[in-house]
Each structure stands twice: as structure tokens, then as C-alpha cells.
Amino acid sequence: MATHSATHDDHDHKPQGFLDRWLFTTNHKDIGTLYLVWSLIMFLVGGAMAMVIRAELFQPGLQLVHPEFFNQMTTMHALVMIFGAVMPAFVGLANWMIPLQIGAPDMALPRMNNWSFWLLPFAFFLLLVTLVLPGGAPQAGWTLYPPLSLQGGYSIAFTIFAIHLMGISSIMGAINIIATILNMRAPGMDLLKMPLFTWTWLITAFLLIAVMPVLAGAVTMLLTDKFFGTSFFNAAGGGDPVLFQHVFWFFGHPEVYIMILPAFGIISEIIPTFSRKPLFGYQAMVYATASIAFLSFIVWAHHMFTVGMPVGAQLYFMYATMLIAVPTGVKVFNWVATMWRGSLTFETPMLFALGFVIMFTIGGFSGLMLAIVPADYQYHDTYFVVAHFHYVLVTGAIFGIMAGVYYWLPKWTGFMYDEKLGKIHFWWSTISVNVLFFPQHFLGLAGMPRRIPDYNVAFAEFNMISSIGGFAFGLAQVFFVYVLWKASRAGVKATDQVWEGAKGLEWTVPSPAPHHTFQRPPVIDDSKLAHGDVTH
Amino acid sequence: MHPTRIRSRLAAAIAALASPVALANPERWQLNLSPGVTASSQAAYEMHMIMLWICVAIGVVVFGAMTYAMIRFRKSKGAVPDTSFTHSTRIEVIWTTIPVLILVAMAWPATTRLLALADTRDYEMTVKITGYQWRWRYEIVDYRGQAQDINFVSSLDLDSNRTRMLGSGLDPRAVQRDGVNTYLLDVDRPLVLPTDTKVRFLITANDVIHAWWVPALGWKQDAIPGFINTAWTDIRKPGIYRGQCAELCGKDHGFMPIVVRAVPRAEFEQWLADNGGTLPPGDLLATTADGPAAASAGSL
Ligand SMILES: [Cu+2]
Ligand SMILES: [Cu+2]
């Protein structure tokens, strides 16, 4: 028997047929790849919608689309990017890397893993097919506020069932991640020796389990209001339209952290590697992540300062929101301190990580400004908010994902990507994304509301600049696809360690990582771990 | 672009950033919030500037340290990692405590201003605002203790409305009033308010959620069906102040502007005595529910 399993290891033991390999797969690496490819496709679909938006906003007057279609684009762009691109990308990275980081042979629940991925194509079929249904896709914004969201046709039902499927998928993914991390760590891989990416995902998974059912409940109430005569949100029937907003944002704010905490983890892996120095304040990073996650549950109504809350509630939500700046600040300071007295090199993952730290912090600043109620009375629902959350989500979450992809790509493909092309992609993206989103701060402050298809001539200049940045950023991502395609086929052979300063179990397996890894638990050598020293 | 034009635009941009002149309406190349014409807008502006400068200061420190590290600790310059520098309780306590103190320094002025904004007592006039898809109804309920019955609907002006149609071929730049571009920021019938008077608003909606926002007044307030929200203003300076609906309310969300014409009290009282000037008889909303175009046409 022993020889038998040894030969299996040698032969990599991949299923041969295409369907066997991908449709019926239970392998964490293949499912990770599926998630990542899926997320890339959705990123391009959502990006194409953003291009429609920026093209219509290129100059005042309506040139290309009707306002109805414009509203469909803003709604679908958000849903596709959040649920189709960002979240699956993080789940894909988790699938690939968490078992490798903790020395596990696979995810704890491999069949469920398969199912949670394969729900997504059905979910997005339901969502995207609304574009061609009579009446078109939902137009009420991704927040789906009633009564507006209940005015359209059947598309809301499709959207709600799509959200249910995505929710089931996310919850199963989260259960799997928690089960894997808590049960499948190699002996000696104590919780406080785990890499930060694994840690942030553990915390994120708890957030997902806590809030996805809340979203499911909120949209189910929408469904029964629309089709079964209930009045949860209908004031004329004794309901409360603001209740929806409370429930939605009780999901929505933790959702923001679901999309950023794993990025924090990725950045906390990359900066030490390219600084050739352990992460500064490892335990503080873990506790900061946990406190951000806790705070994320008690700040939801900062999205609703203009709904007419009692002033006491406004003060509470303002103070609680401001508090998030403390653990977030700790993280940023720790990253800078990690670089301090390091030995820095600037390969593409590091460039994206540094871009992340700077631009995410800019998004954090505007977030802090938005927490201040008297000022938020002006900022709320303007382009200032649009600028804020795109700094957090594009130069935050998506730059974090791209940093992670460049960082781990050689481990996946066995080839080094083309460093020159990677750097071009970074600089092209960074310059264009700032041309795209920075002027939107000015537009918001000057008084331009969000979600409008047309605007006064006073807003023309910055909108045109923003659109030009948008087109350039969009093109940069097509270039990204080329860089990835090239790196997946050929290149300089990657070593096992890949990066000179890289530490941790994932760098002890061959590149590309064989189909099965750690079928016998590795022997943990604390000095070879990124965080083997548990005294701090 | 012609160099003098660039220079004049640059000058305009710098002026917009530097001078706290009371910009009442959006300006080309405007970079910053306007201090507006009320105590509320002043409060919002002050909090905005306090926050902005604190964030700039923190940014200078953090990004400065990062930049220093990126220059000073490069491997290519022979930097050797100090792998023992991974933890310092003292530093960590400091950079947890200082942000807390900064937050308290922010929260204090924000709280005092918010409490002032929330005080709707001692008003002299009440206006009820109702949001509809896609126009606003204004009812002057009372003025200085006297009940009033002025009630009218305010919709996008015809000129903007014609121009904004998809493929209209009309130039938004040509929609002007008194040399100011009013494209999508003009209405057939503005809300007339007296200056130096505390006006209380009762804000609600009839169909979906809207939000009533005039930046120069300093706040926005959601208009929610089934709820009545209160807000107030006290305009210091006569003028025409333009705003827009700020909550997505359907296809014409971008086309339901708000115009407030603030006039001295005497003039306002004259307007009241004239029963709102040229208000048409009857209820526009009763005759049509077909959008601003029809409503505007009906009012002619
Ligand atoms: Cu939030
Ligand atoms: Cu609206």
C-alpha cells in the first residue's frame, strides 16, 4: 500500500477527461482555478458595464443610452463586481492557498467545495439573463431599496433568486474554510503561527456566515412584498421602507469588510516577503482584524444618516464608525514598520501591495470624513461617495487580489510571469485608476449626485477626465489578461521558493504545485515559517 | 487648447480651491465643497475642512514614512534587513493612543454642530415638501403663525427637458439663464423662501424614496413614503440656489432638480400676498402622471 500511494504522488493523479477534471472536481487547486477564472470573466463583464457608464457620462447630454438602461448598468455593474468578481476571487485564492499554507491535503469538505463553485454559473445566468427580459434588468441600484426596487417587472425575482444562490455558495464556501482551518492544520501549525492570509480568511468566513443569511432574509421579504401581498416595507400596508435599509446595511457593512479583510491578509504576506523581514506586530495584526470584524457589525446605519434617524442614533453610529480607524490605522502602521529597516525590492506583487497601502488609505481617509454626520449631509449619495468606495474596492480589494495573483502565480503555473509586463500593468493601472476616481471627489464636493445619467455643464470637465481614466483602466485590464495568458503557457521556470524572501509552507512544495500536496502532514519547522516566533 | 484658456482655467481651479467664497451653485472646475449660505452649510464646510486637513496631516506622516522607507531601505542600495525589528509594545501603544485622541478631537466639533443642526425648534415658517416621480410638490403650510394655502408642483424646465432627450441634438451648453448654465438645474416654478427666517421643512414622498438636496443650504434629507422627516434652514443671503434629488428614484432621478429663490422678507410677504405670484389653478399632478414633460407643458 505504501508504494501504491507513493506512485500516486509521482503521477500527479489528475483526472483525465475534461468533465472529470473540472465539472466533477473535488481538488482544492482545480476549484481554486475555476473560481479565479470565473472571477476574471466576471471582472471583464462588470468592467464592460462600467465602460458603458463612463461612455454615457463622457459629456453632458444623453448620447448613447436611455436613463432606464443606464440605471440597469449601474445596478448590474455593482452586483457583478461584488458577487461575481471580488468575492469569488478571494474564495479562489483561499481554495488554492489555505491548504498549502496550513499543510492540509485539501479542503475539509471537497464535494461541497465543488457545489459552492458550480452554483455560481447558475446564479449569474439568472442575474444576467434579466438584461434581455422584457423590462430589462433591475434598475434600483445594487442596494435594491424598496419601494423603487418593487416597481419593475419580473427581473427582481430573478435577481433575488440569483442572490439566494450566491448566498448559499458563499455560506458553503465559508463553512468549508472554517472547517479546513480549524481541523486540518498540520501538527505544530498553531493558530497563532498561521499566515495572515489564512487568519484574515478565517475571520472573513465568520462574517460571511453571519451576514449572508441576513441579506437572504431581506431580499426574501422583498420577494413576498412584490409577489405575495405582504407589506414588510410598504408604508401603506403598515410596513416600513427604512427597515429594509437597516437590514440591508446590517449585511452591507460587514460585506465591505468581507471584500477587504482577505486583501489585508494578502498584503501582510507580500510586504514581509519583499522587505525580507517578518511582519511587524503579527499578533496586533490578528487582533486588529478581529476588532475590525466586530466593529463592522455595529456601524451599519452610517449609510443612512439622511433617512431621518434620531440624533442620538446618529451620534452613536458616527462614534462607532470613527472607531474603526483605530485598528485600521494599526494595520497601516504595521505595514510601514515592516518595511522599516528592511531590504526592499519592488517586483510586481510588491508594487501592487504598496499601491494598495497608499490608495486604500486614501479611501480610508474619505471614509473617515463620511463618518462625520454634519459633513455627510453634504457628501451622502454624491460622487464623493463613489470616489470613496472605488478607492476602497478597486485600489483596495482588487489591487490586493492582483497583488496576490502575481505573488502566487508562479506557484500555480510553474513559470515566472514577465516582470516587465507586470510592471507595465501596475503603472498603467495605477495612473489610470487615479485619473478615473480622484476627480470624482471634486464632482461630489461640487454637488454632483451619484447614479445620474446626465449632468449640468459645470460637471463636464471632470467627468470627461474621469471617463478617459476609465477607458485607460479598462484597457489595462485587457492587458492583464494577456500577461496572465502568457505566464500560464511559458516563461522562466519558477523555483520552489519563487521569491528570495518568501517564507511559509506554500513555498516548500514544488512549482507548479502538484495536484496533491501534503498527503502526509509536513513537519513544521518554526524557523521556516513566516510567523513561527509566537512571542509577539 | 489655447494657452490663455488653460491659464484662465487653472486660475479658476486655484480660486475654487483656495477661496472660501460662497459658491452657491456648481462651478466649472470646482474642487471643494461650498460654504453655502446657511449656518448648516457653514457647519458642514467647517467639519469638511477640519477633517480634510487632519487627513492630509496624517497622510503626510504615513506616506512620508513609507516613501522614506522605500528610498532608504532598498536592497539595491545595499540595505540589510533588521529581522529583529518585528515588535515594539511602546510604539504600538503610541500609535493606538494617538489616533484615539485625534478621533476625540474630530468628534467634539462634529457633535456640537450636529446637535445644532438637529434643533428644529423656534421656526417661523413651515414648508411641506413631497417627492414624486419625478418632481417636487411644495406646500407653504404656515408663515409667522398664519396658516397659508400655497401648494404647487415644481418640475424640470422645458428647455432642459427638451435638450436631455436621447439624441435630441440640442447642446446642453446652450441652456442658460442670466449667463449661467442651468442645464438640468432649473425648474418651471422655484420654491420661494424668505431670508433671515428659520424655515422648517416637513419632507415626505408619495411613491418611492427621494432626497431633497440644495448644497448651498448644507444638507440633504430623504423623502420617504409614509414618513415625515423634518429639517430646517435659515438663509442668510438672497439668491437662487440650485440642487437635485439625491436618492435614486427611477429613470428620471437625474431630472428632478430643486430651485430655491431666497428673497428678503418684505419681498416674500408680497409674494405670499399675491398668492404665490402666477400659480396656476388646480392640481397638476391630478391631470397627468406622465413625467415632467407633460407636467411642464400643462403649466404653460
Ligand atoms: Cu458601511
Ligand atoms: Cu431621485
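Residues numbered from 1 in each chain as written. Chains lettered and ligands numbered in written order. Predicted model: local features only at pLDDT ≥ 70, side-chain atom pairs only at ≥ 80, totals over all residues. Heavy atoms only, no water.

S.K.: Would you mind showing me how to read the overall build of chain A here?
M.R.: When its secondary structure is counted, chain A shows 17 helices and 0 strands. Compactness check: chain A gives a C-alpha radius of gyration of 23 Å against a globular reference of 24 Å for 536 residues, within 12% of the reference. With respect to the principal axes defined by its C-alpha atoms, chain A has extents near 70 × 50 × 45 Å. For chain A, the proportion of its 536 residues judged to be buried stands at 67%. Carbon and sulfur atoms provide 72% of the accessible area of chain A, an area that totals close to 17100 Å². Of the side chains in chain A, 23 bear a positive and 26 a negative charge, and the two mean positions are spaced by 7 Å. (Helix = DSSP H or I, 4+ residues; strand = E, 2+ residues; numbered from the N terminus. Rg over C-alpha atoms; globule rule 2.2 N^0.38 Å. Buried < 20%, exposed > 50% of the residue type's maximum accessible area, 1.4 Å probe, protein only. Areas by Shrake-Rupley, 256 points an atom, 1.4 Å probe, with all protein chains shown as cover. Lys, Arg positive; Asp, Glu negative; His and termini not counted. Charge placed at Lys NZ, Arg CZ, Asp CG, Glu CD.)

S.K.: Sorry, what's going on with the packing of helix H7 (residues 196–227) of chain A against helix H8 (residues 241–258) of chain A here?
M.R.: In helix packing, the relevant descriptors are the interaxial angle and the interaxial distance, both defined with respect to the helix axes. Residue and element names in this part refer to chain A. Orientation of H7 relative to H8, taken along the N-to-C sense of each, is 150 degrees, at an axis distance of 9 Å. Viewed along their axes, H7 and H8 adopt a mutual orientation that is roughly antiparallel. Viewed along their axes, H7 and H8 form a crossing whose handedness is left-handed. Here H7 contributes Thr-204, Leu-207, Leu-208, Val-211, Met-212, Val-214, Leu-215, Ala-218 and Leu-222 to the contact with H8, which in turn contributes Phe-244, Val-247, Phe-248, Phe-250, Phe-251, Pro-254, Glu-255, Tyr-257 and Ile-258. Looking at the contact of H7 with H8 residue by residue, the class counts come to 16 nonpolar, 1 polar and 1 charged. (Axes fitted to C-alpha atoms, helices over the stretch in contact; angles between N-to-C directions. Parallel < 35°, antiparallel > 145°, perpendicular 65-115°, else oblique. Left-handed = near helix turned anticlockwise from the far one by under 90°. Contact = heavy atoms within 4.5 Å. Nonpolar A, V, L, I, M, F, W, Y, C, P; charged D, E, K, R; others polar.)

S.K.: Sorry, what's going on with the coordination of the copper ion (ligand 2) here?
M.R.: Reference values for coordination geometry: four tetrahedral donors around a metal ideally subtend 109.5 degrees, six octahedral donors ideally subtend 90 or 180 degrees. Residue and element names in this part refer to chain B. Protein-derived ligands of the copper ion (ligand 2) are Cys-245 (SG), Glu-247 (O), Cys-249 (SG) and His-253 (ND1), with the metal-ligand distances lying across 2.1 to 2.5 Å. Considering all 4 donor atoms around the copper ion (ligand 2), the spread of angles at the metal, 84 to 127 degrees, places the coordination shape in the irregular class. All donors of the copper ion (ligand 2) belong to a single chain; written as a sequence motif, their spacing is C-x1-E-x1-C-x3-H. With respect to class, Cys-245 is no different from His-253; both count as buried. (Donors = N, O, S within 2.8 Å, 3.2 Å for Na, K, Ca; no water. Tetrahedral: all angles 85-135°; square planar, octahedral: opposite > 155°, others 65-115°.)

S.K.: Hey, could you run me through the packing of aromatic side chains in this one?
M.R.: To describe a pair of aromatic rings, one takes the distance between the centres and the angle between the planes. Scanning the model with the defined rule gives 61 aromatic pairs over all chains in all. On the numbers, 5.8 Å between centres and 25 degrees between planes, the contact of A:Phe244 with A:Phe248 is stacked. Of this pair, A:Phe244 and A:Phe248 both sit in helix H8, 4 residues apart, which is roughly one turn of the helix. Judged on exposure class, the residue A:Phe244 and its partner A:Phe248 are both buried. Note that A:Arg341 overlies the ring of B:Phe85, its terminal NZ or CZ placed 4.5 Å from the centroid. (Phe/Tyr/Trp six-rings, centres within 6.5 Å; stacked < 30°, edge-to-face > 60°. Lys NZ or Arg CZ within 6 Å of the ring centre and 35° of its normal.)

S.K.: Looking at this structure, I do not really get the nonpolar core. What am I missing?
M.R.: Considering soluble globular proteins, one finds that nonpolar side chains tend to be buried as a cluster. By size, the foremost hydrophobic cluster in this structure holds 267 residues, and its most contacted members are A:Phe83, A:Trp201, A:Trp335, B:Leu191, B:Phe201 and B:Trp212. Ranked by residues supplied to this core, first place goes to helix H4 (residues 67–102) of chain A with 22 residues. Residues lining this core come from more than one domain, with at least three contributed by each of domain 1 (39–117) and domain 2 (125–292) of chain B. Once you skip the residues sitting within four places of it in the chain, A:Trp335 turns out to touch A:Phe264, A:Ile267, A:Ser268, A:Ile271, A:Leu279, A:Met285, A:Phe356 and A:Val357. Within the second largest apolar cluster, 7 residues are counted, among which are B:Leu156, B:Val175, B:Leu184 and B:Phe255. (Core = buried A, V, L, I, M, F, W, Y, C linked by side-chain atoms within 4.5 Å. Domains from an automatic or database assignment.)

S.K.: Would you take a moment to explain helix H11 (residues 311–323) of chain A for this structure?
M.R.: With 13 residues, H11(A) extends 19 Å between its outermost C-alpha atoms, agreeing within 8% with the 18 Å of an ideal straight helix rising 1.5 Å per residue. When we look at burial in H11(A), the residues that qualify are A:Gln314, A:Leu315, A:Phe317, A:Met318, A:Ala320, A:Thr321 and A:Met322. Tucked inside the fold, the buried residues of H11(A) contact helix H12 (325–339), helix H13 (348–371) and helix H14 (373–379) of chain A together with helix H3 (89–117) of chain B. (Expected span 1.5 Å × (residues − 1).)

S.K.: For this particular structure, what's the right way to read the confidence of the model for chain B?
M.R.: Detailed reading of the predicted model is not advised wherever pLDDT is low. All names here are of chain B. In the predicted model, chain B carries a mean pLDDT of 86, and the fraction of residues at 70 or more is 84%. In the model, residues 14–22 has pLDDT below 50 throughout and makes 12 contacts with residues more than four positions away in sequence or in other chains. As a predicted assembly, this complex carries a pTM of 0.92 together with an ipTM value of 0.91. (pLDDT = per-residue confidence, 0-100.)

S.K.: Is there a simple way to explain the layout of surface pockets in this structure?
M.R.: If a probe as big as a water molecule is rolled over the atoms, it shows which places are left empty. Residue and element names in this part refer to chain A. Put simply, the second largest pocket is a space of about 950 Å³. If you trace the second largest pocket, you find 39 residues lining it, with Thr-33, Leu-36, Val-37, Leu-409 and Trp-412 closest to the centre. Counting only elements with at least two residues in the lining of the second largest pocket, the list comes to helix H2 (18–22), helix H3 (28–56), H4, helix H15 (383–413) and helix H17 (460–489). The dominant element in the lining of the second largest pocket, judged by the number of residues it contributes, is H3, at 11 residues. Per-class residue counts for the lining of the second largest pocket are 29 nonpolar, 5 polar and 5 charged. (1 Å grid on protein atoms, 1.4 Å probe; cavity = no way out; pocket = protein on both sides within 12 Å on 5 of 7 lines; lining within 4 Å. Points joined across faces, edges and corners; volume = space filled by probe spheres on them.)

S.K.: Help me understand the sheet that holds strand S3 (residues 146–154) of chain B in this model?
M.R.: Sheet strands pair via backbone hydrogen bonds, and the direction of the pair is either parallel or antiparallel. Residue and element names in this part refer to chain B. With respect to topology, 5 strands assemble into an open sheet ordered S3-S2-S1-S7-S10, the strand pairing being mixed. Looking at the sheet topology across the chains shown, the edges are occupied by S3 and strand S10 (229–233). Within this sheet the neighbouring strands show an average axis-to-axis angle of 20 degrees, counted without direction. Examined bridge by bridge, strand S2 (residues 135–143) and S3 share 7 bridges and lie antiparallel to one another. Looking at the pairing, Arg-137 lines up with Val-153 of S3. (Pairing = 2+ DSSP bridges.)

S.K.: What exactly am I supposed to notice about the sheet that holds strand S9 (residues 219–223) of chain B here?
M.R.: All names here are of chain B. The strand order across the open sheet built from 5 strands is S6-S12-S11-S8-S9, with neighbouring strands paired in mixed fashion. The open sheet has two edge strands, strand S6 (191–194) and S9, and neither has a second partner. Mean inter-strand twist for the sheet, computed between neighbouring axes without regard to direction, equals 25 degrees. The sheet contact formed by strand S8 (residues 210–214) and strand S11 (residues 239–245) spans 2 bridges and is antiparallel. Note on S11: the bridge partner recorded for Trp-213 is Gln-244.

S.K.: Just checking my understanding: could you explain the pattern of salt bridges for this structure?
M.R.: A side chain with one charge may pair with a side chain of the opposite charge, provided their charged atoms come close. One pass over the structure, following the stated rule, counts 22 salt bridges over all chains. Linking A:Asp526 and A:Lys193 is a salt bridge whose minimum nitrogen-to-oxygen distance equals 2.9 Å. Of this pair, A:Asp526 sits in the segment after H17 while A:Lys193 sits in the loop between helix H6 (155–183) and H7, and the two are 333 residues apart along the sequence. Linking B:Glu124 and B:Arg265 is a salt bridge whose minimum nitrogen-to-oxygen distance equals 3.0 Å. (Salt bridge = Lys/Arg side-chain N within 4 Å of Asp/Glu carboxyl O.)

S.K.: What exactly am I supposed to notice about unusual backbone geometry here?
M.R.: Between A:Ser511 and A:Pro512 the backbone carries a cis peptide bond, its omega angle lying at -5 degrees. Relative to the assigned elements, A:Pro512 resides in the segment after H17. Cis geometry marks the peptide bond from B:Gln133 to B:Trp134, where omega comes out at 5 degrees. As for its position among the elements, B:Trp134 is in the loop between strand S1 (125–132) and S2. The residue A:Arg276 is not glycine, and still its phi comes out positive at about 55 degrees. Tracing the backbone shows A:Arg276 in the loop between helix H9 (261–275) and helix H10 (282–295).

S.K.: I'm lost on the interface of chain B and chain A in this one. Help?
M.R.: It is common to give the size of an interface as the accessible area that goes away when the parts come together. Facing the 91 residues of chain B at the interface are 98 residues of chain A. The largest share of the area that chain B buries against chain A comes from B:Trp95, B:Leu166 and B:Leu248, three residues that together contribute 9% of it. Between chain B and chain A we count 3 salt bridges in total. Linking B:Lys75 and A:Glu500 is a salt bridge whose minimum nitrogen-to-oxygen distance equals 3.2 Å. One can count 24 residue pairs in polar contact (both at pLDDT 80 or more) joining chain B with chain A. At the level of secondary structure, the elements contributing two or more residues to the side of chain B that touches chain A comprise helix H2 (39–72), H3, S9 and S11 of chain B. With 16 residues, H2(B) is the largest single contributor of residues to the side of chain B that touches chain A. (Buried area = accessible area lost by both parts, 1.4 Å probe. Polar contact = N/O pair within 3.5 Å; in protein donor to acceptor, adjacent residues only side chain to side chain.)

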